[in-house]
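What follows is the residue order along each chain.
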Amino acid sequence: MYPGTIVFKVYQNDLLYDSFEWEVNDNEIYLVFKNTVNNVSSIRNGLSNRLVDGYSFSIFYNCFIKYPSYRSRVFDHIICQKSLPSSVEVIKCFNLVMPKKEIIDYAWGYRLYNLVAQRCELDCAMNTLSTIGGAYSALGNDKIDFALEAGKISLNQFKIALHLGDPMTVLRCKLYYSLSLIQMGQLKTARIIIKKQFDIAKSASVLDKRVISMCYGIWSRLQHEYKIKKLSL
């Protein structure tokens, strides 16, 4: 093992894309810094460049990082090849070029296909439940059994929304459920749900006006039910 420094500079389209400096001592080679720089004009000062595609460089650099014996041999090869003194800074330049053949990642494509298919199925189920749930909710104004069924549908939508990973869809499902609670006369529970979802919607990084409007609309329905309840006392 030779003491010294080895620097990898990676260029793409005559721009310095990345730079890595490794310090070498008698026992090991360790990373001093990794500096990612983009859109910086490169001045190579006559340094020789090795044309390499991204796939090949990735294999080389990962082996260099993971395997100490490989790092040692790379540095020894550079020192011997250039007949340089041991304590020296060696700069190796790599110029990234397009590969002759692109690698098709069939395994990753298969995984993505399954995820897309699952998402389509969940979206379809969500739309179907929304249609049926809306019908039951409309009938729930007259019969509590329909309101109860609408609440069950909202809970199923909630489970699907969790799989979809969409916070606003989850929030809307909770609002649907609060509407069924209003129809069943559980005004206090519905009030808590609506207020909480409204606070979440207002504090979201991206404001969804539709959800805010839903909160106002269901809140108005809740106030109307409170007035009817007071008049009936």
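Please read all numbers here as calculations on a predicted model, not as lab measurements.

This paragraph deals with the pattern of salt bridges. In total, this model carries three salt bridges according to the counting rule given. The salt bridge involving R119 is made with D123; its shortest N-O contact spans 3.4 Å. One end of the pair is R119 and the other is D123, both in helix α3 (residues 106–139) and four residues apart, which spans about a single turn. The partly exposed category is assigned to R119, whose relative accessible area is 40%.

A few words now on a nonpolar patch on the surface. Together, W108, L112 and L115 make up a nonpolar patch on the protein surface, roughly 300 Å² of accessible area in all. By secondary structure assignment, the location of W108 is in helix α3.

Here we come to the packing of aromatic side chains. Following the criterion strictly, the structure yields seven aromatic pairs and no others. Look at F60 and Y70: their rings are 6.2 Å apart centre to centre, the planes differ by 65°, and that puts the pair in the edge-to-face class. Of this pair, F60 sits in helix α1 (residues 54–66) while Y70 sits in helix α2 (residues 68–82), and the two are 10 residues apart along the sequence. An aromatic cluster of at least three residues, connected via ring pairs, comprises F57, F60, Y61, F64 and Y70.

One number sums up the size of the largest pocket: a volume of about 200 Å³. Taken together, 14 residues make up the lining of the largest pocket; nearest its centre are V10, Q12, Y17, G54 and L96.

Further remarks concern helix α5 (residues 167–183). Residues spaced three or four apart along an α-helix face the same direction, because each turn holds 3.6 residues. In this model, α5 (17 residues) spans 25 Å end to end at C-alpha, consistent with the 24 Å of a helix rising 1.5 Å per residue. For α5, the elements touching its buried residues are α3, α4 (144–164), α6 (187–203) and α7 (209–232). For α5, the capping residue at the N-terminal end is D166, with a side-chain oxygen 3.2 Å from the backbone nitrogen of M168. Where α5 terminates, the next one or two residues include G185, which has phi positive at roughly 90°.

Further remarks concern the packing of α5 against α6. At a minimum axis separation of 8 Å, α5 and α6 run at an interaxial angle of 160°. The pairing of α5 with α6 is recorded here as roughly antiparallel in orientation. Read as a crossing pair, α5 and α6 show a hand that is left-handed. Contact residues: α5 offers L171, K174, L175, Y177, S178, L181 and I182, while α6 offers L187, T189, A190, I193, I194, Q197, I200 and A201.

Here the focus is the nonpolar core. By size, the foremost hydrophobic cluster in this structure holds 18 residues, and its most contacted members are L171, L175, I182 and V211. Contributions of two or more residues to this core are made by α5, α6 and α7. Among all residues touching V211, those that are not within four sequence positions of it are M168, L171, R172, L175 and A201. Formed by 15 residues, the second largest nonpolar core is a distinct cluster that contains W22, Y61, I78 and L96.

So, about the confidence of the model for the protein. Of all residues in the protein, 82% have pLDDT values of 70 or greater, and the mean over the chain is 80. Per-residue pLDDT, averaged within each element of the protein, yields its smallest value for strand β3 (residues 29–36) (51) and its largest for α6 (93). Note that pLDDT drops below 50 for residues 36–47; the model gives that stretch 22 contacts with residues more than four away or on any other chain.

A few words now on the side chain of D53. By the secondary structure assignment, D53 is in strand β4 (residues 49–53). Look at D53: it is buried, it has no salt bridge, and the nearest opposite charge is K100 at 8.4 Å. Aside from chain neighbours lying at most four places away, what touches D53 is L96, V97, M98 and P99.

Scoring rules and cut-offs
- Residues numbered from 1 in each chain as written.
- Predicted model: local features only at pLDDT ≥ 70, side-chain atom pairs only at ≥ 80, totals over all residues.
- Heavy atoms only, no water.
- Salt bridge = Lys/Arg side-chain N within 4 Å of Asp/Glu carboxyl O.
- Helix = DSSP H or I, 4+ residues; strand = E, 2+ residues; numbered from the N terminus.
- Buried < 20%, exposed > 50% of the residue type's maximum accessible area, 1.4 Å probe, protein only.
- Patch = residues over 30% accessible without salt bridge, like charges linked within 9 Å, V, L, I, M, F, W, Y side chains within 5 Å.
- Areas by Shrake-Rupley, 256 points an atom, 1.4 Å probe, with all protein chains shown as cover.
- Phe/Tyr/Trp six-rings, centres within 6.5 Å; stacked < 30°, edge-to-face > 60°.
- 1 Å grid on protein atoms, 1.4 Å probe; cavity = no way out; pocket = protein on both sides within 12 Å on 5 of 7 lines; lining within 4 Å.
- Points joined across faces, edges and corners; volume = space filled by probe spheres on them.
- Expected span 1.5 Å × (residues − 1).
- Contact = heavy atoms within 4.5 Å.
- Polar contact = N/O pair within 3.5 Å; in protein donor to acceptor, adjacent residues only side chain to side chain.
- Axes fitted to C-alpha atoms, helices over the stretch in contact; angles between N-to-C directions.
- Parallel < 35°, antiparallel > 145°, perpendicular 65-115°, else oblique.
- Left-handed = near helix turned anticlockwise from the far one by under 90°.
- Core = buried A, V, L, I, M, F, W, Y, C linked by side-chain atoms within 4.5 Å.
- pLDDT = per-residue confidence, 0-100.
- Lys, Arg positive; Asp, Glu negative; His and termini not counted.

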